[in-house]
Amino acid sequence: MKKELTTGNVFGTLLSFSIPYFFSYFLQTLYGMADLYIVGQFNAVESTTAVSIGSQIMHMITVMIVGLAMGTTVSIGHETGAKNEKQVLVTIGNTVTLFLSLSVAAAVLLTLCIDPIVNAMSTPAEAVSSTVTYLTICFIGIPFITAYNIISSIFRGMGDSRSPMYFIAVACISNIVLDYIFIGALGMGAAGAALGTTLSQTISVGAALFRIKTDSGMRHIRLASGDLKPKRAVMGKLLSIGVPVAVQDGFIQISFLLITIIANKRGLFDAAAVGVVEKIIGILFLVPSSLLSAVSALAAQNIGAGKKERAKQTLRYAILTAVIFGTISAFLMQFFAEPVVGIFRNEPEVVRLGGQYLKGYVWDCVFAGVHFCFSGYFCARGMSGLSFLHNAVAIVCARIPLAYLASKLFADTLFPMGLATVTGSAVSVVICVIAYIWLRGREGVAVNN
């Protein structure tokens, strides 16, 4: 249901919009963790490693889809803020056409490239077969993963962050039930995890379409054939905003995959430890990720309505929230890292290595939280290229080379590798602050002239 985000208390609006985002991301993360947890209960470490590696690849693909869909969220936000109902429908129609084509093409291409992908990940030999099976099933399901994410981006662009939360809740519950059936009862291992994930996404899409069709508040979402016809201006805006974000997110995920490859080369236990910690960090990053998405949607509507100062206030409140949350999380994990890792894998060596990695990596919650908020604001302004720039510089100049050096120089601990990621985010923060100050200065010059 469409909601006005351009009036009322700024901080209150940010919280009310970001909390459903948080629970959506929590449920999405829970359902990724469910695969890892349930496989760990019924199968050996090679199955855990297969699901860990396979889910990282799928996570990279999913975040690129979400990044590309940012063009939809921002475009719809602009038109909703400007109260241009017709253009909202055209944007939705062009989104459907664009993503349907891309998702089918991606499913076919990736399925044909599974073996090179698995080899490129330096997958331990014991886990290769299970990883191939996991990815084959998940790649076939990419159109359904895409459908859920674009439907969610449409709702959020119109100011509704609650409906996507309900859709992912359906997927999460379905996935857990199906995991216990396929992995536990039927003993399908990694294949069961992948099948549960794909089928649960399909169920979620069905729930979303049912909501659109039956809810009286959604009657305005009725597309005509002309809305589905590609329009250069609309497609151009979707892609100009979404492509830099998608490439940026893909670049970020590739950097983490490279770190995973570095860990894989250290051995099976290091690979398992890094995989488990990535899941834990995924939980802690729910707040920064929610703030990024909330800032992009709220700022887009306010910019569309001509309320630029309100958009800046949204950014400031989001940064403050991210810093407070990140600092508290990092401090607590210095004392509870090992027990948290042990929830997912109780081998002493995995717990030891995972605790080391988590204690360093967790400080990224502070710095990543800040640059996530800036990225959301830049996207809302149609300047997603700035987000790509700061992430690319941070990855190439800090995150990857420092992680590699840490792996070589500190063979007995993963703690320095965790800190390497933090250093990359710190570089991003510096670039974001400089870019923001530059934008404010340019605006001041424009006003004076």
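Residues numbered from 1 in each chain as written. Predicted model: local features only at pLDDT ≥ 70, side-chain atom pairs only at ≥ 80, totals over all residues. Heavy atoms only, no water.

## Side note on the layout of surface pockets
For the largest pocket, the calculated volume is near 570 Å³. Lining the largest pocket are 24 residues, and of these Met-60, Ile-61, Met-64, Ala-106 and Leu-110 lie nearest its centre. Counting only elements with at least two residues in the lining of the largest pocket, the list comes to α2 (45–81), α3 (85–112), α4 (114–120), α6 (142–157) and α10 (232–264). Ranked by the residues each element gives to the lining of the largest pocket, the list is headed by α10, at 7 residues. (1 Å grid on protein atoms, 1.4 Å probe; cavity = no way out; pocket = protein on both sides within 12 Å on 5 of 7 lines; lining within 4 Å. Points joined across faces, edges and corners; volume = space filled by probe spheres on them. Helix = DSSP H or I, 4+ residues; strand = E, 2+ residues; numbered from the N terminus.)

## Brief notes about the environment of Val-396
Tracing the chain through its elements places Val-396 in helix α16 (residues 384–409). Sequence-distant contacts of Val-396, defined by excluding residues within four places in its chain, comprise Phe-251 and Pro-401. (Contact = heavy atoms within 4.5 Å.)

## A look at the packing of aromatic side chains
Within the structure shown, the criterion is met by 10 aromatic pairs. Here Phe-155 and Phe-167 contribute two aromatic rings whose centre-to-centre distance is 5.5 Å and whose plane-to-plane angle is 75°, an arrangement assigned as edge-to-face. Here Phe-167 lies in helix α7 (residues 162–185) and Phe-155 lies in helix α6, a separation of 12 residues in the sequence. Residue Phe-155 is classed as buried on the basis of its relative accessible area, which comes to 1%. Three or more aromatic residues joined by ring pairs form one cluster here, namely Phe-374, Tyr-377, Phe-378 and Tyr-436. (Phe/Tyr/Trp six-rings, centres within 6.5 Å; stacked < 30°, edge-to-face > 60°. Buried < 20%, exposed > 50% of the residue type's maximum accessible area, 1.4 Å probe, protein only.)

## Concerning α7
Helix length check: α7 (24 residues) gives 34 Å between terminal C-alpha atoms against 34 Å at 1.5 Å per residue, within 8%. Where α7 ends, the next residue or the one after it, Gly-187, has phi of about 65°, a positive value. (Expected span 1.5 Å × (residues − 1).)

## Section: the pattern of salt bridges
When charged atoms on two side chains of opposite charge get close, those side chains can pair. Across all of its chains, the model carries 2 salt bridges by this definition. Note that Arg-316 and Glu-309 form a salt bridge whose closest N and O atoms lie 3.2 Å from each other. Taking relative accessible area as the criterion, Glu-309 reaches 41% and is therefore assigned partly exposed. Between Glu-338 and Lys-359 there is a salt bridge, with its nearest N and O atoms 3.2 Å apart. Of the two residues, Glu-338 sits in helix α13 (residues 308–344) while Lys-359 sits in helix α14 (residues 348–361), which places them 21 residues apart along the sequence. (Salt bridge = Lys/Arg side-chain N within 4 Å of Asp/Glu carboxyl O.)

## Some thoughts on the nonpolar core
The biggest cluster of nonpolar side chains holds 111 residues, and the ones touching the most others in it are Met-58, Tyr-134, Phe-139 and Leu-358. The element contributing the most residues to this core is α2, with 12 residues. In this view, Phe-139 contacts Ile-57, Met-58, Ile-61, Ala-107, Leu-110, Thr-111, Ile-114 and Ile-117; residues no more than four positions away in its chain are not counted. Counting 12 residues, the second largest nonpolar core, distinct from the first, contains Leu-27, Ala-147, Ile-151 and Ile-168. (Core = buried A, V, L, I, M, F, W, Y, C linked by side-chain atoms within 4.5 Å.)

## Looking at empty space enclosed by the protein
As enumerated under the stated definition, the model contains 2 cavities of 30 Å³ or more in all. Size it by volume and the second largest cavity reaches roughly 100 Å³. In this structure, the second largest cavity is lined by Tyr-21, Tyr-25, Val-66, Ala-69, Met-70, Thr-73, Asn-149, Ser-152, Ser-153, Arg-156 and Ser-293. Sorting the residues of the lining of the second largest cavity by element identifies α1 (10–42), α2 and α6 as the ones contributing at least two each.

## A look at the packing of helix α11 (residues 268–284) against helix α12 (residues 286–304)
Across the interface, α11 lies against α12 with an axial gap of 4 Å and an inter-helix angle of 50°. Accordingly, the angle class assigned to the pair α11 and α12 is oblique. Packed against α11, whose contacting residues are Gly-282, Ile-283 and Leu-284, the element α12 presents Leu-286, Val-287 and Pro-288 at the interface. For the contact of α11 with α12, the per-class residue count stands at 5 nonpolar, 1 polar and no charged. (Axes fitted to C-alpha atoms, helices over the stretch in contact; angles between N-to-C directions. Parallel < 35°, antiparallel > 145°, perpendicular 65-115°, else oblique. Nonpolar A, V, L, I, M, F, W, Y, C, P; charged D, E, K, R; others polar.)

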